[in-house]
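# A look at the structure
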Amino acid sequence: MSAVTESIAPIAADRRLSLRARLALRGLDGVTLLVLPAVIFVIALFVYPFVYGFVLSLQPKAGDWLANYRKFFSEPFLYDTIAATLWLAVPATLINTTISIPVAMRVRLMHRRRILTTILVIPITLGTVLIAEGLLAYLGPQGWFNRVLMLFGIIHSPVRLVHNYTGVMLSLILSGFPFTFLLTLSYLTGIDPSLEQAASTLGANARARFWHILMPLLAPGLAINLCLSFVQTFSVFPSAVLLGAPAGATRVISIAAYQAAYEQYDYSMASTIAMIMGFVQLIIVAAILSGRSFVYRGATAGGKG
Amino acid sequence: MTRDKSLTERLWAITIWALVVFFIVNLVAMVATVVVNSFGTRWLGTWLPPAFTTRWYVSAWSEFQLDDVLIVTFEIVGAVVLLSGLLGVPAAYALARREFPGKKFVTLLFLLPLIIPPITFGIPLATVLYQAGFAGNMSGVILANLVPTVPFVVLVMIPFIEQIDPRIESAARVFGAGTGRLFVHILIPLLAPGILAALLLVLVRTIAMFELTFFTAGPTSQTLVVALYYAVYAAGVRAGQSIDAMAVIYMVTTLVWLLIALRFVDPTQIVTRAKREATR
Amino acid sequence: MAIAARDFRELRLDAMSRNFGALNALKGINLTVQRGEFIALLGPSGCGKSTALNCLAGLLTLSAGSIWLDKTRIDELKPEQRGFGMVFQNYALFPHMSVRRNIGFGLQMQRRSKAEVARKVDEALSIVRLGTQAEKLPGQLSGGQQQRVAIARAIVIEPPLVLMDEPLSNLDAKLRLEMRAEIRRIHELIGSATIYVTHDQEEALSLADRIVVMREGEVRQVGTPAELYAKPAHADVAEFMGYRNLFRSRVSKGGDGISVTLGGASLRGTPIDMTGEGEATVAIRPDELHAASDGPIAATVESAQYHGRDFYCLGRTADGTQIYFCAKQPVQKGESVRLAADPQRVLIYAGAPA
């Protein structure tokens with residue numbers, strides 16, 4: 001027994017833990033350091049370019065530090081791009097997100113969903129460039145789409161679907177809908193089915209169940225869906241060039257940025273446009289998310305079960 | 001849940017299914033157009049080309065130097081896959097197993113490159129790489145593509161790591177394994193399916209990643225998708241069929257890897273894994 | 001009492017059946033429930049009791065048979081048209097609505113006036129004694145409180161029938177006992193018929209007016225708690241009702257009554273569905289098998305668990321049969337005891353044990 005007390009006493013006397021032990025208590029040890037390479041990488045190649053770009057935007061080729069921004073907002077050729085992009089992004093986002101709801105409502109009742117979800121993942125994997133090329137041929141005046149419409153007598157001469165707003169909009173829906181659909185589906189299936197069952201025993205028909213139970217619980221997820229979808233459609237680039245009218249109706253803000261960087265070699269202006277682009281996205285995302293804070297955002301299960 | 005069988009319910013169901021079918025039919029038709037065109041001799045003004053040939057593939061191969069492009073593409077994609085795994089998996093481990101001050105900030109740091117689209121940060125990134133001399137060759141393209149893929153690997157791997165009982169690791173440490181041997185003998189074998197899934201997803205995403213490569217590539221470091229873009233862009237000069245032949249080669253490449261990835265991964269994870277983390 | 005159950009005379013289940021593919025979950029259930037009765041559906045997992053409840057609620061359609069509320073056939077109605085109240089196992093409280101809105105939801109669906117809804121909700125809150133929690137969200141309540149909200153939500157619409165699907169299974173033991181008393185009290189207060197699904201025979205015995213014992217989709221016995229406790233109709237029902245001793249045996253008729261052989265000894269008993277002689281199953285409750293110095297059964301004690309008032313023991317007879325019994329005095333492992341039971345409490349069933 002005395003040997004035990006002897007060995008305990010010195011430890012008890014030295015109350016201060018070593019630095020290593022104290023750090024470990026706060027969660028910092030060798031394992032935590034494993035996160036450093038990735039963190040350094042992201043800071044170096046993501047955060048730093050942003051900061052660099054922001055600083056660069058304030059160092060225009062000519063004029064004072066705000067010259068680039070002033071130039072952007074005084075030339076219609078430049079500031080109209082915001083409107084053109086919004087005119088594409090907002091309807092596409094709304095269409096994709098809204099239609100995803102009824103489709104997801106139906107698909108969640110399916111047993112063999114995997115085939116459908118696999119098919120819908122294809123546009124995402126193919127990417128926007130291939131979709132642009134494909135639609136150029138398919139929706140072209142000689143393409144099958146127009147041919148079928150003429151065959152059924154719906155139109156008499158080919159409808160102009162490429163190299164204009166319509167083509168880009170269709171490509172945004174083709175590549176965007178799978179995203180919104182899969183996301184909405186995952187939110188819907190996360191809602192406890194017994195909630196709808198309970199509502200129906202209390203007299204709620206399908207419509208009432210949708211509006212009183214499902215939509216309120218889906219709302220926060222839908223807000224996220226809207227944000228992600230909007231951010232994606234707002235950055236449309238290859239489709240706007242290949243499938244749209246890049247000098248006209250579909251001159252989107254990414255084209256303006258690209259031209260500043262690679263055609264005019266004015267990297268300061270290009271950074272400015274990229275900053276403005278990011279800023280517009282930020283405003284709209286913030287607006288959507290502030291609406292989200294008014295709805296219930298907790299767990300969607302029905303209780304301790 | 002008993003399904004409502006009234007007439008309005010039935011009509012509504014039919015409409016929705018019609019929409020879905022319409023979407024899929026158009027998708028398939030679009031892909032078919034590209035494929036058929038690539039095999040047709042000439043195709044103008046008729047439902048199908050009058051005859052079929054494979055010569056466009058031969059001409060596209062040499063015209064677009066597809067052998068070089070494919071090699072470059074796979075070198076870049078391979079490097080991106082490898083490096084994002086090396087950087088991302090240990091970082092995911094640290095995030096899954098440790099609570100440290102600033103963890104929320106680090107998580108946000110990994111989330112941003114996934115939420116913010118490549119164009120928005122692509123141009124400033126290209127500018128920086130250009131200043132540093134990396135732009136215009138393969139190293140620049142690899143670095144640029146790593147920016148969204150490293151966080152992707154981190155966010156996909158965290159749930160996989162959380163699934164492993166920490167007591168297994170404690171047991172290994174009790175028996176004398178340091179962190180290095182812990183990884184090699186215990187973690188990597190257990191995480192192998194997860195790592196494989198994550199890296200396959202990175203592979204598929206990088207093959208299709210357009211904007212970042214477009215902004216940082218030089219003439220000898222273009223991936224297949226960028227070469228395709230340039231071909232379509234200058235389409236007036238070249239025959240449409242050979243462009244479509246190239247497009248088919250691109251499609252086959254992505255879809256083959258997609259199918260392989262799908263053996264290990266649920267399709268929805270390609271979309272929702274990273275985005276779900278954003279809602280936490 | 002403003003909240004009172006609607007008038008109806010009886011609910012009749014007529015050969016109610018439900019299949020899931022090749023699995024017959026319910027095989028023609030027949031049952032009649034009177035107004036105001038408390039019926040327990042009791043059985044092990046997979047016996048079909050929850051399926052039966054879901055069919056009654058309309059959440060599952062019937063594969064065959066029908067359900068009648070007095071003269072009206074209701075099995076083709078959707079759940080929202082039946083007007084039954086239901087308490088779910090996981091409570092299924094709407095997480096985005098306050099307690100008040102949860103409870104008032106059914107009334108809202110009936111398009112009652114705001115004043116009426118408020119009045120009835122307040123009354124329901126006072127019945128379940130949750131008046132102070134009205135504005136809270138379900139996530140802020142304890143399990144027992146959520147339970148009570150679920151019950152209030154089901155009774156406030158004054159349904160003719162309240163369906164309860166193992167509502168107490170997620171509560172700890174003490175809370176379960178308290179809520180059992182509450183459920184019985186509320187049932188008597190409201191007066192609606194209640195159908196209560198459980199796998200716990202103690203719960204069924206303490207709550208129900210009549211118990212329906214189910215097994216593999218069929219009704220095995222319907223009776224009052226006393227009937228089921230004292231005279232289970234079949235060996236499997238006996239096993240479920242706590243007759244832990246089930247022995248394979250042979251029946252012989254002797255001068256002093258029917259006897260069965262047990263562990264080499266001979267014991268007098270009461271046949272339930274056994275006629276004549278032959279192979280039989282004997283069921284005895286452990287607490288009805290006691291130590292007696294002149295008892296017919298000889299056993300060696302293998303283990304004894306202290307249960308406060310007595311000892312719950314496991315013994316082994318000379319021929320190796322395990323036997324459970326209760327002892328008032330402490331017994332040691334390895335001790336030899338002699339056991340006896342009242343012949344009225346030794347039940348004999350036809351056929352070998354399953």
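The model shown is predicted, which means the values in this text are computed figures rather than measured ones.

Counting its secondary structure elements, chain B contains 12 helices and zero strands. The helix and strand sequence of chain B, counted from the amino end, reads α-α-α-α-α-α-α-α-α-α-α-α. Here the C-alpha coordinates of chain B stretch approximately 75 × 65 × 35 Å along the principal axes. The burial tally for chain B puts 56% of its 280 residues in the buried class.

Next up on the list: the overall build of chain C. Counting its secondary structure elements, chain C contains nine helices and 21 strands. Here the C-alpha coordinates of chain C stretch approximately 75 × 45 × 35 Å along the principal axes. Here chain C, with 354 residues, has 53% of them falling under the buried criterion. For chain C, the share of sequence-separated contacts (at least 6 apart) that also reach a separation of at least 24 residues comes to 68%. Counting only carbon and sulfur atoms, one obtains 48% of the accessible surface of chain C, whose full area is about 15400 Å². Here chain C carries 43 positive and 40 negative side-chain charges, and the mean point of each set is 5 Å from the other.

Let us now look at the packing of helix α3 (residues 99–109) of chain C against helix α5 (residues 143–155) of chain C. All names here are of chain C. At their nearest, the axes of α3 and α5 sit 7 Å apart, and the two run at 30 degrees to each other. Here α3 lies roughly parallel to α5, going by the angle between them. The two elements α3 and α5 meet at a crossing, and its hand is right-handed. On α5, the residues that touch V99, N102 and I103 of α3 are V149, A152 and R153.

Each side of the interface is counted separately: chain B has 96 residues, and chain A has 93 residues. Note on chain B versus chain A: buried area summed over both sides is about 8300 Å², and carbon and sulfur give 79% of it. In this structure, the connection of chain B to chain A is made through one salt bridge. The salt bridge partner of R106(A) is E9(B), with a shortest N-O separation of 3.2 Å.

Moving on, we get to the packing of helix α10 (residues 206–234) of chain A against helix α13 (residues 267–292) of chain A. Residue and element names in this part refer to chain A. Across the interface, α10 lies against α13 with an axial gap of 9 Å and an inter-helix angle of 170 degrees. Between α10 and α13, the crossing angle belongs to the class labelled roughly antiparallel. Residues P220, A223, I224, L226, C227, F230, V231 and F234 of α10 touch α13, and the partners they reach there are M277, V280, Q281, I284, V285, I288, L289 and R292. Classifying every residue of the contact of α10 with α13 gives 14 nonpolar, one polar and one charged.

On the surface, V148(A), L151(A), F152(A), I154(A), W47(B) and L48(B) cluster together into a nonpolar patch covering about 640 Å² of accessible area. For W47(B), the position within the fold is in the loop between α1 (7–39) and α2 (55–63). Residue W47(B) is classed as partly exposed on the basis of its relative accessible area, which comes to 38%.

Our focus in this paragraph is the pattern of salt bridges. A full pass over the atoms with the stated rule returns 27 salt bridges over all chains. A salt bridge links E169(B) to R97(B), with the shortest nitrogen-to-oxygen separation between them at 2.7 Å. Of this pair, E169(B) sits in helix α7 (residues 166–174) while R97(B) sits in helix α3 (residues 66–97); the two residues are 72 residues apart in sequence, bridging distant segments of the chain. Per residue, the accessibility class of E169(B) equals that of R97(B), and both read buried. A salt bridge links E288(C) to R345(C), with the shortest nitrogen-to-oxygen separation between them at 2.8 Å. Of this pair, E288(C) sits in the loop between β15 (278–284) and β16 (290–291) while R345(C) is found in the loop between β20 (336–340) and β21 (347–350), placing the two residues 57 residues apart along the sequence. Relative accessible area serves as the criterion here: at 17%, E288(C) is assigned to the buried category. Using a relative accessible area of 13% as the deciding quantity, one classes R345(C) as buried. Each member of the salt-bridge network shares a partner with another, and the members are R73(C), D75(C) and E76(C).

All names here are of chain C. Strand order in this open sheet of six strands is β6-β7-β8-β3-β9-β10, and the pairing throughout is mixed. Two strands bound the open sheet, and with one partner strand each, they are β6 (85–87) and β10 (218–223). Strand-to-strand, the axes of this sheet are offset by a mean angle of 20 degrees, without reference to chain direction. Sheet topology note: the strand β7 (residues 161–165)/strand β8 (residues 193–198) ladder contains five bridges and is parallel. Bridging across to β8, M164 finds its partner in Y196.

Here we take up the packing of aromatic side chains. Within this structure, the stated rule accounts for 32 aromatic pairs over all chains. Measuring from ring centre to ring centre gives 5.7 Å for Y138(A) and F145(A), while their planes differ by 65 degrees; the resulting arrangement is edge-to-face. For the pair Y138(A) and F145(A), a shared accessibility class is recorded, and that class is buried. Judged by centre distance (5.4 Å) and plane angle (35 degrees), the ring pair of F230(A) and F234(A) falls under tilted. Pair noted here: F230(A) and F234(A) are both in helix α10, with a separation of four residues, about one helical turn. Overall, the relative accessible area of 4% leaves F230(A) in the buried class. Under the relative-accessibility criterion, F234(A) is labelled buried at 0%. An aromatic cluster is present here, built from F237(A), Y258(A), Y262(A), F210(B), F214(B), F215(B), Y229(B), Y230(B) and Y233(B) joined pairwise through their rings. Across from the ring centre of W47(B), 5.6 Å away, lies the NZ or CZ of R147(A), which sits over that ring. Sitting above the plane of the F152(B) ring, R205(B) keeps its charged end 4.3 Å from the centroid.

Attention shifts here to the state of the cysteines. All names here are of chain C. Going through the model one piece at a time under the given rule, you end up with zero disulfides over all chains. Here C47 is not cross-linked by a disulfide; its sulfur's nearest cysteine counterpart is in C55, at 13 Å. When its relative accessible area of 1% is taken as the criterion, C47 is described as buried. The structure places no disulfide on C313, whose sulfur is separated from the nearest cysteine sulfur, that of C326, by 7.1 Å. The buried category is assigned to C313, whose relative accessible area is 1%.

Moving on, we get to the sheet that holds strand β5 (residues 72–73) of chain C. What links the strands of a sheet is backbone hydrogen bonding, and the strands pair in either a parallel or an antiparallel sense. Residue and element names in this part refer to chain C. With respect to topology, four strands assemble into an open sheet ordered β2-β1-β4-β5, the strand pairing being antiparallel. Every interior strand has two partners, whereas the edge strands, β2 (23–34) and β5, have only one. Its contacts with the sheet place helix α1 (residues 49–57) against β1 (10–20), β2 and β4 (64–69), and it is angled at close to 115 degrees to β1.

Another aspect to go through is the confidence of the model for chain B. Looking at chain B, pLDDT values average 84 and 92% of them are 70 or higher. For chain B, the element scoring lowest by mean pLDDT is helix α12 (residues 267–278) of chain B, at 53; α3(B) scores highest, at 91.

Okay, the pairing of β20(C) next. Put simply, side chains in a regular strand alternate between the two faces of the sheet. Residue and element names in this part refer to chain C. Sheet topology places β16 next to β20; two bridges connect them, and they run antiparallel. Its bridge partner being in β20, H290 is matched across the sheet by A340. Pairing of strand β17 (residues 297–306) with β20 involves four bridges; the strand directions are antiparallel. If you follow I297 over to β20, its bridge partner there is L339.

Judged by nonpolar contacts, the single largest core of 270 residues is most densely connected at F110(B), L11(C) and I195(C). Top element by residues in this core is α3(B). It accounts for 16 residues. In this view, I195(C) contacts L11(C), V33(C), I39(C), L41(C), L53(C), L56(C), L161(C), V162(C), L163(C) and M164(C); residues no more than four positions away in its chain are not counted.

Before going further, it helps to spend a moment on the side chain of R97(B). Residues and elements named next belong to chain B. R97 sits in the buried class, given a relative accessible area of 17%. Within the structure, R97 has its side chain in polar contact with the backbone oxygen of I161 (distance 3.3 Å). A polar side-chain atom of R97 sits 2.7 Å from the main-chain carbonyl oxygen of I164. Beyond its immediate chain neighbours, meaning those up to four positions away, R97 contacts I161, E162, I164, D165, P166 and E169.

The rules we used
- Residues numbered from 1 in each chain as written.
- Chains lettered and ligands numbered in written order.
- Predicted model: local features only at pLDDT ≥ 70, side-chain atom pairs only at ≥ 80, totals over all residues.
- Heavy atoms only, no water.
- Helix = DSSP H or I, 4+ residues; strand = E, 2+ residues; numbered from the N terminus.
- Buried < 20%, exposed > 50% of the residue type's maximum accessible area, 1.4 Å probe, protein only.
- Contact = heavy atoms within 4.5 Å.
- Areas by Shrake-Rupley, 256 points an atom, 1.4 Å probe, with all protein chains shown as cover.
- Lys, Arg positive; Asp, Glu negative; His and termini not counted.
- Charge placed at Lys NZ, Arg CZ, Asp CG, Glu CD.
- Axes fitted to C-alpha atoms, helices over the stretch in contact; angles between N-to-C directions.
- Parallel < 35°, antiparallel > 145°, perpendicular 65-115°, else oblique.
- Left-handed = near helix turned anticlockwise from the far one by under 90°.
- Buried area = accessible area lost by both parts, 1.4 Å probe.
- Salt bridge = Lys/Arg side-chain N within 4 Å of Asp/Glu carboxyl O.
- Nonpolar A, V, L, I, M, F, W, Y, C, P; charged D, E, K, R; others polar.
- Patch = residues over 30% accessible without salt bridge, like charges linked within 9 Å, V, L, I, M, F, W, Y side chains within 5 Å.
- Pairing = 2+ DSSP bridges.
- Phe/Tyr/Trp six-rings, centres within 6.5 Å; stacked < 30°, edge-to-face > 60°.
- Lys NZ or Arg CZ within 6 Å of the ring centre and 35° of its normal.
- Disulfide = S-S within 2.5 Å.
- pLDDT = per-residue confidence, 0-100.
- Core = buried A, V, L, I, M, F, W, Y, C linked by side-chain atoms within 4.5 Å.
- Polar contact = N/O pair within 3.5 Å; in protein donor to acceptor, adjacent residues only side chain to side chain.

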